[in-house]
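# Structure assessment
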Amino acid sequence: MLKIGVLGAGHLGKIHLRLLNQSSKYELVGFYDENHENGAKIAAEFGYKQFDTIAKLIHAVDVIDIVTPTLSHYKCAKVSIKSGKHVFIEKPISTTVEEAEEIIALAKEFNVKGQVGHVERFNPAFIAVKNQIENPMFIETHRLAEFNPRGTDVPVVLDLMIHDIDAILSVVKSKVKAVYASGVSVLSQSPDIANARIEFENGCVANITSSRISMKNMRKSRFFQKDAYISVDYLDKVCEVVKMKDAPEVPGDFDMILQNAEGVKKQIYFDNPEVSLNNAILDELETFADAINNNTTPVVTLEDGTEALRVAYMIIDSMQEK
């Protein structure tokens with residue numbers, strides 16, 4: 001079991017503490033929170049050991065789980081890596097791309113592993129269909145959330161849209177060619193609703209909408225590729241695959257057949273892959289333990305997190321140009 005410590009005991013930090021405490025792959029040593037009063041309350045309520053300095057916690061563990069506000073990710077990662085500790089960093093990896101690149105360089109220099117908390121990669125609905133997403137040419141995603149003051153210190157692109165950016169980059173095997181985006185600030189100082197069109201060098205186009213001022217929650221993606229349409233509902237954890245194949249010469253009574261203008265007939269059939277429900281946060285943390293113990297590549301690498309951040313800033317820059 002790897003000894004792990006958590007930096008940050010806010011809303012998400014408390015979830016990480018609870019799951020790590022249950023995990024068979026980690027020994028939860030304790031946590032550090034900048035707000036000592038909040039930390040003392042959590043320590044008293046749940047029995048986790050509270051450390052009074054970051055340095056003492058880092059010294060006591062093999063792995064540091066960074067669940068602090070984004071502004072401090074770089075500082076926390078830097079001191080942890082320089083102490084030779086593996087780092088799990090909640091998304092986004094850091095405040096700037098430059099900081100993220102330095103985190104990558106440090107991890108290589110000190111020979112430690114790092115993973116970024118892009119949790120939708122572990123969503124069971126996405127896992128169920130990911131292997132069927134092959135060379136998508138059009139992607140549409142909607143990530144809408146009811147207003148929550150937590151997270152409004154950053155634009156909606158870094159708060160919500162970055163989930164979809166990372167998922168899209170994981171299935172589109174091509175470089176980003178151009179980005180066009182617009183956003184509106186409604187309640188916050190930064191955009192609360194944003195739309196981006198990402199064009200890739202291979203011709204794929206992704207249209208992404210994110211909002212944190214919606215009346216209802218929605219987290220859906222649709223992938224269109226040759227002879228297939230795939231939908232993923234991250235919120236309800238369901239997915240659907242609609243495929244087309246050449247129609248049989250003698251269709252059955254219940255076969256769905258479409259014929260295009262050229263007279264080509266295609267049969268439509270539905271595939272609802274089995275979704276194995278999981279705890280995505282626990283899974284992302286435990287696959288990181290596996291990567292450390294087996295010396296393999298983490299599922300969401302520091303490079304993946306950096307690329308998602310780079311594209312997020314391309315979107316933010318495009319909005320600011322407007």
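Values in this document were obtained by computation on a predicted structure and should not be read as measured data. (Residues numbered from 1 in each chain as written. Predicted model: local features only at pLDDT ≥ 70, side-chain atom pairs only at ≥ 80, totals over all residues. Heavy atoms only, no water.)

## Regarding the overall build of the protein
Helix and strand counts for the protein stand at nine helices and 14 strands. Against the 2.2 N^0.38 benchmark of 20 Å for 322 residues, the protein shows a C-alpha radius of gyration of 22 Å, consistent with a compact globule. In terms of principal-axis extent, the alpha carbons of the protein reach across some 75 × 45 × 40 Å. Here the protein holds 322 residues, and 51% of them are scored as buried. Within the protein, contacts between residues at least 6 apart in sequence are counted, and of these 67% link residues at least 24 apart. (Helix = DSSP H or I, 4+ residues; strand = E, 2+ residues; numbered from the N terminus. Rg over C-alpha atoms; globule rule 2.2 N^0.38 Å. Buried < 20%, exposed > 50% of the residue type's maximum accessible area, 1.4 Å probe, protein only. Contact = heavy atoms within 4.5 Å.)

## Focus: the side chain of lysine 85
Within the secondary structure layout, lysine 85 lies in the loop between helix H4 (73-82) and strand S4 (86-90). In this structure lysine 85 is buried but unpaired, with aspartate 62 as the nearest side chain of opposite charge at 5.5 Å. Polar side-chain contacts of lysine 85 include one of 2.7 Å to the backbone oxygen of valine 61. If sequence neighbours within four positions are ignored, lysine 85 has contacts with Ile58, His59, Val61, Asp62, Ile64, Ser80 and Val112. (Lys, Arg positive; Asp, Glu negative; His and termini not counted. Salt bridge = Lys/Arg side-chain N within 4 Å of Asp/Glu carboxyl O. Polar contact = N/O pair within 3.5 Å; in protein donor to acceptor, adjacent residues only side chain to side chain.)

## Notes on the sheet that holds strand S2 (residues 26-32)
The strand order across the open sheet built from five strands is S2-S1-S3-S4-S5, with neighbouring strands paired in parallel fashion. Strands with a single pairing partner mark the edges of an open sheet, and in this sheet they are S2 and strand S5 (114-117). The average undirected angle you get between the axes of adjacent strands in this sheet is 20°. Here strand S1 (residues 2-7) pairs with S2 via six bridges, running parallel. In the strand pairing of S2, leucine 2 is matched with tyrosine 26. Contacting S1, S2, strand S3 (63-66) and S4, helix H1 (residues 11-22) crosses the sheet at an angle of about 150° to S2. (Pairing = 2+ DSSP bridges. Axes fitted to C-alpha atoms, helices over the stretch in contact; angles between N-to-C directions.)

## A look at the sheet that holds strand S10 (residues 218-225)
Taking strand neighbours across the sheet as the criterion, the nine strands line up as S7-S8-S9-S6-S10-S11-S12-S14-S13 in an open arrangement whose pairing is mixed. Edge strands, defined here as strands with exactly one partner in the open sheet, are strand S7 (176-184) and strand S13 (256-259). Strand-to-strand, the axes of this sheet are offset by a mean angle of 15°, without reference to chain direction. Judged from the eight bridges that link them, S7 and strand S8 (residues 193-200) form a sheet pairing that is antiparallel. Bridging across to S8, valine 176 finds its partner in phenylalanine 200. Helix H7 (residues 156-171) contacts strand S6 (138-144), S7, S8, strand S9 (205-211) and S10 of the sheet and is inclined by roughly 155° relative to S9. Packing of helix H9 (residues 302-321) onto the sheet brings it into contact with S7 and S8, and relative to S7 it is tilted by some 55°.

## Quick notes on a nonpolar patch on the surface
Taken together, the side chains of Phe147, Val184, Val186, Leu187 and Ile193 define a hydrophobic patch exposed on the protein surface, amounting to about 440 Å² of accessible area. The topology assignment puts valine 186 in the loop between S7 and S8. (Patch = residues over 30% accessible without salt bridge, like charges linked within 9 Å, V, L, I, M, F, W, Y side chains within 5 Å. Areas by Shrake-Rupley, 256 points an atom, 1.4 Å probe, with all protein chains shown as cover.)

## Describing the packing of aromatic side chains
One pass over the structure, following the stated rule, counts five aromatic pairs. Ring geometry for phenylalanine 138 versus phenylalanine 224: centroids 5.8 Å apart, planes at 40°, classification tilted. In this pair, phenylalanine 138 is assigned in strand S6 and phenylalanine 224 in strand S10, connecting sequence segments 86 residues apart. For phenylalanine 138, a relative accessible area of 31% corresponds to the partly exposed category. (Phe/Tyr/Trp six-rings, centres within 6.5 Å; stacked < 30°, edge-to-face > 60°.)

## Remarks on the pairing of S5
Strand residues, when the strand is regular, have side chains that alternate between the two faces of the sheet. The side-chain alternation of S5 yields two buried faces, one formed by Gly114 and Val116 and the other by Gln115 and Gly117. Note: S4 against S5, four bridges, orientation parallel. Across the sheet, valine 87 pairs through a bridge with glycine 114, a residue of S5. Viewed along the sheet, the connection from S4 through helix H5 (residues 97-109) into S5 turns out right-handed. (Right-handed = clockwise from strand over helix to strand, strands pointing away.)

## Here's the deal with the packing of H1 against helix H8 (residues 280-294)
Here H1 crosses H8 at 65°, and the two axes come no closer than 10 Å. By the angle between their directions, the pair H1 and H8 is classed as roughly perpendicular. In this structure, H1 crosses over H8, and the sense of that crossing is right-handed. On H8, the residues that touch Leu12, Ile15, His16, Leu19 and Leu20 of H1 are Ile281, Leu282, Glu284 and Leu285. Here the residues of the contact of H1 with H8 sort into seven nonpolar, one polar and one charged. (Parallel < 35°, antiparallel > 145°, perpendicular 65-115°, else oblique. Left-handed = near helix turned anticlockwise from the far one by under 90°. Nonpolar A, V, L, I, M, F, W, Y, C, P; charged D, E, K, R; others polar.)

This is a description of form; function is not addressed.
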